[in-house]
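# Observations on the three-dimensional arrangement
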Amino acid sequence: MLDLQFVRTNLELVEEKLRARRADPAALLGDFRVLDKSRREAITLAEQCKARRNELSQQVGALKKAGKNDEAAAVMDETRALKDKLDELDKTAADLDEKLHQSLARVPNLTRDEVPVGASEADNKTVKTWGELKKFDFTPRPHWEIGEALGILDLERAAKLSGARFAVYMGAGARLERALISFMLDTHTSKHGYTEVLPPFMVNSKSLFGTGQLPKFAEDLFRCSDADADAAARGDYKDSDHWLIPTAEVPVTNLYRDEILDEARLPIAFTAYTPCFRAEAGAAGKDTRGIIRQHQFQKVELVKFTRPEESDAQHEQLTRDAEEILEALGLPYRRVLLCTGDTGFSSAKTYDLEVWLPGQNLYREISSCSNFDAFQARRANIRYRPSAAPGGKPAKPEFVHTINGSGLAVGRTWLAILENYQQADGSVLIPESLRPYMGGMDRIVREQ
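A brief look at the structure comes next. Remember, it's a predicted structure, so these values are computed and weren't measured experimentally. (Residues numbered from 1 in each chain as written. Predicted model: local features only at pLDDT ≥ 70, side-chain atom pairs only at ≥ 80, totals over all residues. Heavy atoms only, no water.)

### Looking at a negative patch on the surface
Rules: Patches were defined on residues exceeding 30% relative accessible area and lacking a salt bridge, with like-charge contacts within 9 Å and nonpolar side-chain contacts (Val, Leu, Ile, Met, Phe, Trp, Tyr) within 5 Å. Accessibility throughout is a Shrake-Rupley quantity obtained with a 1.4 Å probe, and a residue counts as covered only by protein chains that appear here. Salt bridge, as used here, is a side-chain nitrogen of Lys or Arg placed within 4 Å of a carboxyl oxygen of Asp or Glu. Charge assignment in this entry is limited to Lys and Arg as positive and Asp and Glu as negative, and neither His nor the chain termini are counted. In this description, the location of a charge corresponds to atom NZ of lysine, CZ of arginine, CG of aspartate or CD of glutamate. Only DSSP runs of H or I with at least four residues qualify as helices, and only runs of E with at least two residues qualify as strands; both kinds are numbered from the N terminus onward. For the exposure calls, accessible area comes from a 1.4 Å probe over protein chains only, and a residue counts as buried if that area is under 20% of its type's maximum, exposed if over 50%, partly exposed in between.
Together, E121, D123, D342 and E365 make up a region of like negative charge exposed at the surface. Topologically, D123 is positioned in the loop between α5 (69-105) and β1 (125-130). With relative accessibility at 35%, the residue D123 sits in the partly exposed group.

### Thoughts on the packing of helix α8 (residues 172-191) against helix α12 (residues 311-328)
For the record, the criterion: Under this scheme, a helix contributes an axis fitted over its contacting stretch, all axes are lines through C-alpha atoms, and angles between N-to-C directions fall in the 0 to 180 degree range. With respect to orientation, any angle under 35 degrees is reported as roughly parallel, any angle over 145 as roughly antiparallel, any angle of 65 to 115 as roughly perpendicular, and every other angle as oblique. Here a crossing is called left-handed whenever its near helix is offset anticlockwise from the far helix by less than a right angle, and right-handed whenever the offset is clockwise. Contact definition: two residues touch when any of their heavy atoms are within 4.5 Å.
With their axes 11 Å apart at the nearest point, α8 and α12 run at an angle of 130 degrees to one another. Judged by the inter-axis angle, α8 sits oblique to α12. Pair α8 / α12 crosses with right-handed handedness. Across the interface between the two elements, F183, M184, T187, H188 and K191 of α8 pack against D321, E324, I325 and A328 of α12.

### Some points on the packing of aromatic side chains
By convention here, two paired aromatic rings are described through the distance between centres and the angle between planes. Under the convention used in this document: Ring geometry is summarised as follows: Phe, Tyr and Trp rings, the Trp one being its six-membered ring, pair when their centres sit within 6.5 Å, and such pairs are stacked at plane angles under 30 degrees, edge-to-face over 60 and tilted between the two.
According to the stated counting rule, one finds ten aromatic pairs in the structure shown. Relative to W414, the ring of Y169 lies with its centre 4.9 Å away and its plane at 75 degrees, an arrangement referred to as edge-to-face. Within this pair, whereas Y169 is found in strand β3 (residues 168-169), its partner W414 is found in helix α14 (residues 410-420), the two being separated by 245 residues in sequence. Centre to centre, the rings of F217 and F345 are 5.8 Å apart; their planes meet at 85 degrees, and the pair counts as edge-to-face. Placement of the pair is F217 in the loop between α9 (205-211) and α10 (229-233) and F345 in the loop between β10 (333-337) and β11 (349-357), with a sequence separation of 128 residues. Residue F217 is classed as partly exposed on the basis of its relative accessible area of 27%.

### Description of unusual backbone geometry
Of the consecutive residues L214 and P215, the connecting peptide bond is found in the cis state with omega at 5 degrees. By secondary structure assignment, the location of P215 is in the loop between α9 and α10. With an omega dihedral of -5 degrees, the bond running from L266 to P267 counts as a cis peptide bond. Of note, P267 is situated in the loop between β7 (259-262) and β8 (268-277). For N381, which is not glycine, the phi dihedral falls at a positive 55 degrees. Along the polypeptide, N381 turns up in the loop between α13 (375-380) and β13 (382-385).

As structure tokens, then:
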């Protein structure tokens with residue numbers, strides 16, 4: 001969420017940044033100026049009422065002491081009238097404050113100046129490529145054909161179990177998924193210094209609000225059956241307190257919701273494996289084949305909490321940590337800086353890592369690494385206390401910056417291995433770095 005004071009004093013800049021996102025400032029901010037002015041006027045009048053009431057209270061004591069009880073009674077009547085007016089002004093200010101809060105909750109983060117202005121992914125900027133694209137002496141096949149032929153991917157039976165956009169992994173396919181999870185977690189913990197976390201796979205609405213999924217993306221989420229559907233339709237989630245997580249970013253970021261961290265602990269780096277659940281799995285009719293877009297998939301996530309002055313460097317490092325997984329697996333990729341129109345709601349700057357898929361002859365996103373600045377921390381009230389201010393006075397708590405990214409999306413890594421390591425005889429080689437996690441297996445062949 002954006003800071004109210006910042007929006008108030010930089011409203012034209014905020015509107016300009018929203019237009020760069022291809023958003024309508026009027027639709028998002030509404031009557032911001034009018035609401036903010038009315039709120040400040042109500043607060044000013046309330047302060048004046050308090051001052052006058054205090055002044056009259058002192059007069060009552062003096063009048064009673066002088067024996068002027070009738071005059072004291074009249075002043076007390078005025079004091080009571082001021083109290084009623086003060087209560088009304090406080091309620092007005094609180095109501096206006098809530099309206100401003102609801103308005104700002106709908107406003108996306110402001111993108112960094114270095115983010116290219118653009119309308120869609122066509123305007124994203126490739127900033128790095130790695131690896132040579134393999135040349136095949138046969139026509140490479142897409143992963144769904146390879147997986148079916150090897151008997152390790154069963155989409156038909158998954159549809160029987162759960163419907164479209166689900167998958168069943170079999171035999172070496174299931175083992176490859178498990179191997180990738182362990183390999184990623186081991187790399188991020190032992191080599192990159194992340195602390196592993198295993199969070200709940202269901203969260204409450206406050207957690208989803210904190211990272212920016214609610215209220216805007218409620219329809220993209222799976223809400224559990226304990227929810228009051230009528231209340232949720234009104235945007236009232238107090239009785240709808242369990243949602244399946246769309247990403248480990250949600251529970252891990254909210255570990256420190258409403259807390260003040262010691263500066264000495266920063267930066268904090270977590271990695272977590274979780275399944276992810278998304279009701280919205282892409283545009284209708286797009287990516288219906290294979291496992292590119294699923295309602296349920298596995299992911300290893302990277303999350304960091306940092307000081308504001310370190311967040312840029314930590315963002316670059318987190319992105320690099322994700323890249324090293326791709327490099328260790330020998331998967332060609334490119335790093336793309338997303339344009340304003342393609343940057344996510346909560347992000348100020350995002351790099352997408354896109355892996356090469358020869359069976360489809362294209363690059364596909366396999367990780368989004370984002371710096372949210374203080375946007376999520378302000379929504380979730382995650383702060384840290386800086387070192388003592390000059391003169392030894394305790395410094396006021398400040399909002400941390402949050403950063404996260406996939407390290408990596410496991411299913412897309414799985415399919416990238418099938419497409420990049422496929423052989424003419426239909427088998428799939430196992431990358432050398434994964435073989436210890438596959439019990440020494442060096443290739444996947446169809447089991448008889």
